[in-house]
Amino acid sequence: MRILPRPFSQVLGDALNSITRTWRPIVSTASLVFVPVGLLSLLIFRWTGATEFLEIVINDPGVLQTLSDEVLFELIDSFLVATAIAAGLQTLATVFVYLAAHKIISGELAGSMITGHQARRFALGRYPLALASSLIALVLVIGLGALGVLVWSIPFAGRGGGGFVVFLFLIACVAPALWMAVGLSMLTPVVALERRGLVAGLVRSFELVKPRWGSTLGYLAVVGLLGTVSAQLIQLIALPLASLDNLSLGISVASIIGLFAQGLIVGGIGSMWTVWYVDLRARIEPLVTADLG
């Protein structure tokens, strides 16, 4: 069956409907990936001593002022190292869940229900290419953003300037990074659902997004807003756990709940991106449901 382009609101509605029909394999995959990542992250925080820093900040932040610089910097370094490692693990998990979600939703759009096991096997096969592509995209976006900030800072180094003018110049300097980030946003759906190489996948994402760059930015913003609201609602449940008598246990339980919820949110975002990718593709080439199976 031919897939036709749809209005923005319909694509958004179709994405939400697809999630409600395929939530089981999405939830099972997100759980199997993010719960172990959460447990491993907790162990890393304990091994590095970062948990001690968190307990002080939450329980008695005034103690930080009584610590020597050496002890304070050691605690901060431990926290930063643990945070960086945990962020890396979450990035690895996110790419995998995205791939699985793309397969689940594309299968549903093609008329076949994909099980969680099938989606995970599929994601595993595409994972090396998707991870390499995602890392390259991340480096490109961060590098371009850093270059923009550097260019922005040069005229104002050691001198003042009008706040509004400085802000506008900053926006202009980081705009190329935003343009690239949106252009590469369809990278994981491309890697998952089309057989393309490393560079070809990056080019293909730009090719799909270019005619609808503004609409893609708007869609990503809406999806991001939905994810943020969901995360805030979950925090209302998880954060009170940190006030338990056993502070360390409370932080651990709240962290596990938070990371589990993050997995669900990542699965939902990946699913919604899949539907937008399909619509973008249908706008530039003939597309039938068999192409998504």
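Up top you'll find the structure we're talking about.
What you are looking at is a predicted structure, and each value in this text was computed from that prediction instead of being measured.

Visitor: So what exactly am I meant to see when it comes to the environment of Asp291 here?
Guide: Mapped onto the fold, Asp291 is located in the segment after helix H10 (247–284). The class of Asp291 is partly exposed, set by a relative accessible area of 35%. Sequence spacing of Asp291 and Ile3 is 288 residues, and the spatial spacing of their C-alpha atoms is 9.9 Å. Not counting the four nearest positions on each side in its chain, Asp291 is found in contact with Arg281 and Pro286.

Visitor: Looking at this structure, how should I read helix H1 (residues 8–21)?
Guide: Here H1 is 14 residues long and its end C-alpha atoms lie 20 Å apart, about the 20 Å a rise of 1.5 Å per residue gives. All of the buried residues in H1 are Val11, Leu12, Ala15 and Ser18. Buried positions in H1, seen along its axis, are confined to an arc of 125 degrees and lie on one side of it. Exposed side chains of H1 directed beyond 90 degrees from the buried face belong to Ser9 and Thr20.

Visitor: Sorry if this is basic, but what is going on with the pattern of salt bridges here?
Guide: Oppositely charged side chains can form a pair if their charged atoms are brought close together. A complete count under the given rule lists 10 salt bridges for this structure. Between Arg21 and Glu108 there is a salt bridge, with the nearest N and O atoms lying 2.6 Å from each other. Of this pair, Arg21 sits in helix H1 while Glu108 sits in helix H4 (residues 69–109), placing them 87 residues apart in sequence. Looking at Glu108, the relative accessible area reads 15%, which means it is buried.

So, how was this worked out
Residues numbered from 1 in each chain as written. Predicted model: local features only at pLDDT ≥ 70, side-chain atom pairs only at ≥ 80, totals over all residues. Heavy atoms only, no water. Helix = DSSP H or I, 4+ residues; strand = E, 2+ residues; numbered from the N terminus. Buried < 20%, exposed > 50% of the residue type's maximum accessible area, 1.4 Å probe, protein only. Contact = heavy atoms within 4.5 Å. Expected span 1.5 Å × (residues − 1). Arc of directions from axis to C-beta. Salt bridge = Lys/Arg side-chain N within 4 Å of Asp/Glu carboxyl O.

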